[in-house]
Amino acid sequence: MAFDFSSLFGQKNPPLIGLDISTSGIRLVELAEVGKNMLQLERFASESLPRGAVVDGNIENIEQVADAIQRVWKKSGARTKLVALGMPSASVITKKIILPGGSSEDELELQVENEASQYIPFALDEVSLDFDVIGPAENSAEDIEVLLAATRKEKVEDCVAVAQAANLTPLVMDIESFAAHAAMERIIAALPKGGEGKIIALFRMGAHLMHVAMLLDGQVVYEREQPFGGNQLTQDIVRTYGMTFEQAELRKRDDELPDGYEHELFEPFLDNAGVEIMRAIQFFYTATPHTRVDQIFLAGGCAVMEGLIEAVAVRTKISCSVVNPFQGMQFAASVREKQLQLDAPAYLVACGLALRRFDR
């Protein structure tokens, strides 16, 4: 099956599963509409990946990843085989461009290809390219603003291959950061006055990388990645206690580490996380005209670590919360709410991907 990357900005195709493939594991979310502007979480599930199966966003072992996808699909009880997948932000080049208005779809596609050649450091026949018309250009009513997105074809083909190897059908290919921001829109909308005029900092803390995004009135005004994540704590455990990486991960997750672990390793890690987040905010101030952040949200697998919110708040002096992408949703009877409360911040991207079902 040939996969058309033009579904990057996709269209409504219910039912649809959001499938987030990260370094540490697979996360699945399926949502349904149960009333006007009311969503229901139908199912969620996760499955860990062997170390090295996904490295720096690249699928290195298709068989291992496909097996994990099959397991998480069966575990969830899902029936639909249509999935929305996410590409790592670092794998995709995005650029906003201005084009003349009034063009047909074919003319617009040709213009985008011509413009894309200026920004993409690869031959166009090696690239999967898509675009989305944002609306009228800010300074010219006759022109339109267009967002183009491009990635190497092999990246898309790997994602498609791993989904197909798990007997699923990839329908939408999104960008992980876009999916995260789509899920954040609901959370920000629930803030006083819908968060109007507030600078919202989103920190997605993964195994290796911390993704930083600053949001203002629905727009991303700053974005970067920093090399910091939960695997740093795991590596500290490996070095200190002579465990294998797998043993350290298991003991860390089950809270079965030697006396002194909290003081020697865990508390310094939390403090280091606070330092890294403060450093990211300082980079934001330096690189933009902005001089404040009004609210910090933490997401990702590390976000639920006990004491992290306090460590970040102490360092930054900014109000800090953990993201719950399912806030305000109803839950199907099969949803394990207690488990969901523990794991919700790790499902931000998967939730954003699942929301593609409702794109109009």
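Rules behind the numbers
Residues numbered from 1 in each chain as written. Predicted model: local features only at pLDDT ≥ 70, side-chain atom pairs only at ≥ 80, totals over all residues. Heavy atoms only, no water. Pairing = 2+ DSSP bridges. Helix = DSSP H or I, 4+ residues; strand = E, 2+ residues; numbered from the N terminus. Contact = heavy atoms within 4.5 Å. Axes fitted to C-alpha atoms, helices over the stretch in contact; angles between N-to-C directions. Core = buried A, V, L, I, M, F, W, Y, C linked by side-chain atoms within 4.5 Å. Buried < 20%, exposed > 50% of the residue type's maximum accessible area, 1.4 Å probe, protein only. Lys, Arg positive; Asp, Glu negative; His and termini not counted. Salt bridge = Lys/Arg side-chain N within 4 Å of Asp/Glu carboxyl O. Parallel < 35°, antiparallel > 145°, perpendicular 65-115°, else oblique. Left-handed = near helix turned anticlockwise from the far one by under 90°. Nonpolar A, V, L, I, M, F, W, Y, C, P; charged D, E, K, R; others polar. Expected span 1.5 Å × (residues − 1). Arc of directions from axis to C-beta.

### Structural notes on the sheet that holds strand β1 (residues 17-21)
- Read across the sheet, 6 strands follow the order β10-β6-β1-β2-β3-β16 without closing on themselves; strand pairing throughout is mixed. Of all strands in the sheet, those bounded by a partner on one side alone are β10 (169-175) and β16 (330-331).
- Direction of pairing for strand β2 (residues 25-35) relative to strand β3 (residues 38-48): antiparallel, over a ladder of 10 bridges. Along β3, the bridge assignment pairs E30 with R43.
- Here helix α1 (residues 62-76) sits on the sheet in contact with β1, β2 and β3, set at roughly 135° to β3.
- Helix-sheet contacts for helix α4 (residues 176-189) involve β1, β3, β6 (82-87) and β10, and the interaxial angle to β10 is about 80°.

### What to know about the nonpolar core
- Membership of the largest hydrophobic core comes to 38 residues, with the highest contact counts inside it found for F203, M214, I277, I281, V293, I296 and L298.
- When contributions to this core are tallied by element, the ones reaching two or more residues are β11 (199-205), β12 (210-216), α5 (231-241), α6 (245-254), α7 (261-287), β14 (295-299) and α8 (308-316).
- A per-element tally of this core places α7 first, with 11 residues.
- If near-sequence neighbours (up to four positions away) are discounted, V293 is found in contact with I199, A201, M214, I281, F284, Y285 and I318.
- Residues L16, L215, C351 and A354 belong to the second largest nonpolar core, which totals 35 residues.

### As for the side chain of R27
- Checked against the element boundaries, R27 lands in strand β2.
- Here R27 sits buried without a salt bridge, and the closest side chain of opposite charge, D20, lies 4.7 Å off (N-O distance).
- When residues no more than four places from it in sequence are discounted, the contact partners of R27 are G18, L19, D20, S22, A45, S46, A346, Y347 and A350.

### Looking at the packing of α5 against α7
- Packing of α5 against α7 brings their axes to within 10 Å, and their N-to-C directions diverge by 155°. Between α5 and α7, the interaxial angle falls into the category roughly antiparallel. Crossing geometry of α5 relative to α7 is assigned as right-handed. Contact residues: Q232, L233, D236, I237, T240 and Y241 in α5; Y261, E264, L265, F266, F269 and N272 in α7.
- Looking at the contact of α5 with α7, its residues break down into 7 nonpolar, 3 polar and 2 charged.

### What about the sheet that holds strand β7 (residues 93-100)?
- One open sheet accounts for 3 strands, arranged β7-β9-β8; its pairing is antiparallel. Each edge of the sheet is formed by a strand with only one pairing partner; in this case those strands are β7 and β8 (127-137). The mean inter-strand angle of the sheet, taken between neighbouring strand axes irrespective of direction, is 25°.
- In this sheet, strand β9 (residues 140-152) lies alongside β8 in antiparallel orientation, the contact comprising 10 bridges.

### Notes on α1
- Its 15 residues place the ends of α1 21 Å apart at the C-alpha level, agreeing with the 21 Å of an ideal helix rising 1.5 Å per residue.
- Among the residues making up α1, those that are buried are V65, A66, A68, I69, V72, W73 and S76. All buried residues of α1 project into a common sector of 160° when viewed along the axis, lining one side. Projecting away from the buried face of α1 at angles above 90 degrees are the exposed residues E63, K74 and K75.

### Details of the pattern of salt bridges
- If you walk through the whole model with that rule in mind, you get 11 salt bridges.
- Close ionic contact of R71 with E47 constitutes a salt bridge, the shortest N to O distance being 2.9 Å. Taken as a pair, R71 in helix α1 and E47 in strand β3 lie far apart in primary sequence, 24 residues in all.
- Relative accessible area serves as the criterion here: at 38%, R71 is assigned to the partly exposed category.

### Focus: the packing of α1 against helix α3 (residues 153-165)
- The geometry of α1 relative to α3 is characterised by a closest axis approach of 8 Å and an angle of 50° between their N-to-C directions. The orientation of α1 relative to α3 falls into the category oblique. Crossing angle aside, the handedness with which α1 passes α3 is right-handed. Residues I62, V65, A66, I69 and Q70 of α1 form the contact with α3, whose participating residues are D158, A161, V162 and A165.
- Looking at side-chain class alone, the contact of α1 with α3 contains 7 nonpolar, 1 polar and 1 charged residues.

Nothing here speaks to function; it is all geometry.
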